[in-house]
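Each chain, letter by letter, is given below.
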Amino acid sequence: MPRPCRSWTPPFCPNPRCDSHGAPGTWRWKRKGFYERLRGPRRVQRYVCRCCRRNFSSQTFSTGYWLKHPRLLAPLFHRLVGCSALRQIAREFGLAHSSVQRQCERLGRHCLLRLEALRPQGAPTEPLVLDGFRTFEHSQYWPFDLNLLVGASHYVYGFNDAELRRSGTLRPAQRTRRAELEAAHGRPHPEATRRAVEELVGRVVPPGAAVEIQSDEHGAYPQAFARLADRRIQHRTTSSKASRTPRNPLFPANLADLLLRHASANHKRETIAFSKRRQGALYRTAIWAVWRNTLKSRSENRRDDPPAVALGLLPKRLGVREVLAERLFPWRQPLSPWVERCYFGRIPTRRLGERCRQHTLRYAV
Ligand SMILES: [Zn+2]
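A brief structural summary. Model, not experiment: these values are computed from the prediction.

Criteria and thresholds
- Residues numbered from 1 in each chain as written.
- Predicted model: local features only at pLDDT ≥ 70, side-chain atom pairs only at ≥ 80, totals over all residues.
- Heavy atoms only, no water.
- Pairing = 2+ DSSP bridges.
- Helix = DSSP H or I, 4+ residues; strand = E, 2+ residues; numbered from the N terminus.
- Axes fitted to C-alpha atoms, helices over the stretch in contact; angles between N-to-C directions.
- Disulfide = S-S within 2.5 Å.
- Buried < 20%, exposed > 50% of the residue type's maximum accessible area, 1.4 Å probe, protein only.
- Phe/Tyr/Trp six-rings, centres within 6.5 Å; stacked < 30°, edge-to-face > 60°.
- Lys NZ or Arg CZ within 6 Å of the ring centre and 35° of its normal.
- Donors = N, O, S within 2.8 Å, 3.2 Å for Na, K, Ca; no water.
- Tetrahedral: all angles 85-135°; square planar, octahedral: opposite > 155°, others 65-115°.
- Contact = heavy atoms within 4.5 Å.

For the rest of this paragraph, the subject is the sheet that holds strand β1 (residues 29-36). On the basis of which strands lie adjacent, the open sheet formed by three strands has the order β1-β2-β3 and antiparallel pairing. In the strand order of this sheet, the two ends are held by β1 and β3 (55-57), each with one partner. Geometrically, the sheet is characterised by an average inter-axis angle of 35° between neighbouring strands, direction not taken into account. Judged from the six bridges that link them, β1 and strand β2 (residues 43-49) form a sheet pairing that is antiparallel. Opposite Lys 30, over in β2, you have Val 48 as the bridge partner.

What follows is the structure, given as structure tokens:
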């Protein structure tokens, strides 16, 4: 992580309950000595807030805050979008698999905030494409859709999840097993896709805005749009059987699906690196979306600008160091209820019930 220079001053109080957290205004602080660390930066300036008396340091504003291996974040980012599995990364760096998983979750939370902070707050200025990327959590008895909303520029505006019931051709033994699992853990809500699409489009398209959305002929999409009566949504459909060429109106979503499967070990067919929890898959999708929007060219052959630059949201392509340059705090930007639940790890895995770990740390949020 970049080291704060001598002239660096804390931008706001890191205590979310302090008035100076969201609106620093005339915030006052004072220096309070140094502390020594085993890893760089070895000498860290400490501060105290004059308003709430909270102690903090320059490290509090670093994405490596409270990490034992802060230098792992950047290589981990590359490997997570380079199709490595967590245990493969752990072996490379000589770490426990759980350490890599925790850092992956931190990266996911950071990228979720980064994605929300960069997303245009007004109406999208380009046609959008909506698609459900089919994958599963825990076992193939628990499929879910990653709903993606992608612009014609290939910019990923947002995503969310919708639980599904296992379908397709099942052998009698599989049908019995599905019935047992559903009796023990319940069934996904039959309108989960409609609810999720309504949340996703409602988050990206503000009330009163007009937008064109292309999608396949999924029956839940028109139902979701009908409930967003305060948005003017022009819905156009294309059969999912149409050839998936660049001329297909769904090409941005088809390409996003290809890239997501190509870049993520957890979404490969017949893999043992599948996501054990939907929450983990969502964190990895956030990392992938930041990579897609701000680092990766729209076309590999042309080596052109990433989608965020093409849309004018960024002046130039970012590097991983720039993505990780500063820590983002969840209370300093408005978050929709779904994004907040995802950030704090509250997306449940039905099969695990109460055993799902949430993100409940007080300081290293
Ligand atoms: Zn304070």
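Next, the rest of the story.
Attention now goes to the state of the cysteines. Where two cysteines share a covalent bond between their sulfur atoms, that bond is called a disulfide. Counting across every chain of the model gives zero disulfides. Here Cys 104 is not cross-linked by a disulfide; its sulfur's nearest cysteine counterpart is in Cys 111, at 9.5 Å. For Cys 104, a relative accessible area of 5% gives the class buried.

In this section: the packing of aromatic side chains. Taken as a whole and assessed by the stated rule, the structure comprises 15 aromatic pairs. A ring pair is formed by Phe 56 and Phe 61, whose centres lie 6.0 Å apart and whose planes are at 80°; its orientation type is edge-to-face. There is no split in this pair, since Phe 56 and Phe 61 are both buried. Aromatic pair Trp 66 and Tyr 363: ring centres 5.8 Å apart, planes at 85°, arrangement edge-to-face. Of the two residues, Trp 66 sits in the loop between β3 and α1 (73-80) while Tyr 363 sits in the segment after α11 (337-343), which places them 297 residues apart along the sequence. Here Trp 66 falls in the exposed class, since its relative accessible area comes to 58%. Looking at Tyr 363, the relative accessible area reads 32%, which means it is partly exposed. Against the face of Phe 34 rests Arg 43, its NZ or CZ located 3.8 Å from the ring centre.

Moving on to the coordination of the zinc ion. Note on the zinc ion: its protein donors are Cys 13 (SG), Cys 18 (SG), Cys 49 (SG) and Cys 52 (SG). The metal-donor distances range over 2.2 to 2.4 Å. Around the zinc ion, the four donor atoms sit at angles spanning 104 to 115°, and that spread fits a shape best called tetrahedral. Sequence positions of the residues that donate to the zinc ion give the spacing C-x4-C-x30-C-x2-C. Classification of Cys 49 by relative accessible area gives buried; the value is 0%. Looking at Cys 52, the relative accessible area reads 27%, which means it is partly exposed.

Once that is clear, we can look at the sheet that holds strand β5 (residues 143-151). On the basis of which strands lie adjacent, the open sheet formed by five strands has the order β6-β5-β4-β7-β8 and mixed pairing. Of all strands in the sheet, those with a lone pairing partner are β6 (156-163) and β8 (232-237), marking the two edges. Ignoring strand direction, the axes of neighbouring strands in this sheet form an average angle of 25°. The pairing of strand β7 (residues 210-215) with β8 spans six bridges and is classified as parallel. Residue pairing across strands places Ala 210 opposite Arg 232, the latter belonging to β8. Where helix α5 (residues 192-204) meets the sheet, it contacts β4 (128-136), β5, β6, β7 and β8, and its direction lies at approximately 160° from that of β6.

All we've got here are geometric facts, nothing functional implied.
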